[in-house]
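Breakdown of the fold
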Amino acid sequence: MPRIPRLTGAAVAALTLGLVMTAPAAPAAEDDPLVTDARVVARFGLAAGQTPENIALEPDGSADLTFAFARRVAHVTVDGTTTSRAQLPEVADPDTPVVHSAVVTGIARAHDGTLYVAYATGTRETGVWRVSPGTAPVQIAQLPPDGFPNGLALDERRGVLYAADSVRGTVWRVPQAGGAATAWATGPALAPLPAPPASGLGANGVKVHRDAVWVSNTDRGTLLRLPVLPDGSAGPVETRGDGLGGIDDFAFPGHGRSALAALGSVGKLVLVGPDGTVTTLLTAQDGLSDPTSVAVRGRTVYVPSAAFTTRRDPNLLVAHLRHLIGRG
């Protein structure tokens, strides 16, 4: 693994904003930018496959990243040190749809520190894997080899994980303890577009928020909400955002229905309001390079960029959220 440059003092300060900013911020004017002070705090090696695909945050403000093509889970501490947390096993003759390589994609963290990742290989190793401290990754559920598990979300209250399958247009439900996966939701709204110039990626990012599972669809440029019914089944699909070209993963900056979404192919971080209004917050000028996901801790926003198409500067960027988003 190539040496990762140590962060400057200013960059470390940016990464730890969520920990040290305890004083209330001054009220923001309506025309003030929602996100400020964007800084790249870590840069990665493209040649080594260090393309950050997804992110989970630790209680101390450090970040766990999946490096897709390196098949690795990396950890970036608050002092800027980047280390390898886990390596997914190499597979013979990987044949993942769309990418034709083995890739580690979504990541979710349990309260006890256990990490869960989605691994797409085109083989029987495709599925959900558990990464526990001090042990090798263990596959806890198989998913169809001809699928592409991408985003991953954990609902600890119900004891289940949700994996968004970008090729099969399906949200899989997997017991957190491990076991057989079931198709929780499927249908045209989750499927990729059937013909070029489609990317072949439908359901992509997935989050559990306010008794619902939210899913992005990359090809269709949509943000969807699927209520979780009392019996645990999926309710009707609701479109909460559209026109979101290149949408990858997303996160909620508050308790409302506003979401921050990474638009990878157009190099933007946007705010999708409860009414579907889209506001651009960050662009390539701020350091984004094919952003793939976003996470929020307090008033700190983390955005990994994979440089899949730009082929330059895969990185982790942090920025300051000027005020929390209401319930909406």
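Everything that follows concerns the structure shown earlier in this document.
Cut-off values and rules
- Residues numbered from 1 in each chain as written.
- Predicted model: local features only at pLDDT ≥ 70, side-chain atom pairs only at ≥ 80, totals over all residues.
- Heavy atoms only, no water.
- Helix = DSSP H or I, 4+ residues; strand = E, 2+ residues; numbered from the N terminus.
- Buried < 20%, exposed > 50% of the residue type's maximum accessible area, 1.4 Å probe, protein only.
- Areas by Shrake-Rupley, 256 points an atom, 1.4 Å probe, with all protein chains shown as cover.
- Salt bridge = Lys/Arg side-chain N within 4 Å of Asp/Glu carboxyl O.
- Contact = heavy atoms within 4.5 Å.
- Core = buried A, V, L, I, M, F, W, Y, C linked by side-chain atoms within 4.5 Å.
- Pairing = 2+ DSSP bridges.
- Axes fitted to C-alpha atoms, helices over the stretch in contact; angles between N-to-C directions.

**With respect to the overall build of the protein**
Regarding its fold elements, the protein presents two helices and 24 strands. By the burial criterion, 55% of the 328 residues in the protein qualify as buried. Just so you have it, the protein exposes about 13,200 Å², and 53% of that area is on carbon and sulfur atoms.

**Some details on the pattern of salt bridges**
One pass over the full model with this rule turns up eleven salt bridges. Notably, a salt bridge pairs D64 with R85, separated by 3.0 Å at the nearest N-O pair. A residue pair is termed long-range when its members are at least 10 positions apart, and D64 in strand 3 (residues 63-67) and R85 in strand 5 (residues 82-87) qualify at 21 residues. The salt bridge partner of R157 is D211, with a shortest N-O separation of 2.9 Å. A residue pair is termed long-range when its members are at least 10 positions apart, and R157 in the loop between strand 10 (149-155) and strand 11 (160-165) and D211 in the loop between strand 14 (203-208) and strand 15 (212-217) qualify at 54 residues. One connected set of salt bridges, linked through shared partners, spans E58, D64, R85 and R109.

**Some details on the side chain of Q176**
Checked against the element boundaries, Q176 lands in the loop between strand 12 (170-175) and strand 13 (182-186). On the basis of relative accessible area, Q176 is assigned to the buried category, the value being 16%. Ignoring anything within four residues of it in the chain, the contact list for Q176 reads A110, Y116, I140, L154, E156, G159, V160 and L161.

**Regarding the nonpolar core**
In this structure, L269, L281 and L282 are the most contacted members of the largest nonpolar core, which totals 16 residues. Sorting the residues of this core by element identifies strand 1 (35-43), strand 20 (268-272), strand 21 (278-282), strand 23 (300-305) and strand 24 (315-321) as the ones contributing at least two each. Residue contributions to this core peak at three residues, all from strand 24.

**Concerning the sheet that holds strand 11**
An order of 10-11-12-13 is seen for the four strands of this open sheet, with the pairing classed as antiparallel. A single partner strand is all that each edge strand has here, and the edge strands are strand 10 and strand 13. Taken over all neighbouring pairs, the strand axes of this sheet differ in orientation by 25 degrees on average, direction set aside. In the sheet, strand 11 pairs with strand 12 via six bridges, with the strands oriented antiparallel. Paired with A164 across the bridge in strand 12 is V171.

**With respect to the environment of L193**
Structurally, the position occupied by L193 is in the loop between strand 13 and strand 14. A residue is classified by how much of its surface remains accessible, and L193, at 34% relative accessible area, is partly exposed. If near-sequence neighbours (up to four positions away) are discounted, L193 is found in contact with A198, D219 and R220.

**As for the pairing of strand 19 (residues 259-263)**
The buried fraction of strand 19 is high, at five of five residues. Of the two faces of strand 19, the one carrying A259, A261 and L263 and the one carrying L260 and A262 are both buried. Sheet topology places strand 18 (residues 247-251) next to strand 19; three bridges connect them, and they run antiparallel. In the strand pairing of strand 19, A251 is matched with L260. In sequence, strand 19 turns back onto strand 20 through a hairpin of four residues, with G267 there showing a positive phi of about 65 degrees.

**Examining unusual backbone geometry**
Peptide bonds are trans in most cases, and residues, glycine excluded, mostly fall at negative phi. Residues other than glycine seldom take positive phi values, yet H100 does so here, at roughly 60 degrees. A positive phi angle is found at A307, which is not glycine, with a value near 55 degrees. Looking at where A307 falls in the secondary structure, it is placed in the loop between strand 23 and strand 24. By relative accessible area, A307 is classed as buried at 0%.

Read these as layout, nothing more, since geometry by itself doesn't imply function.
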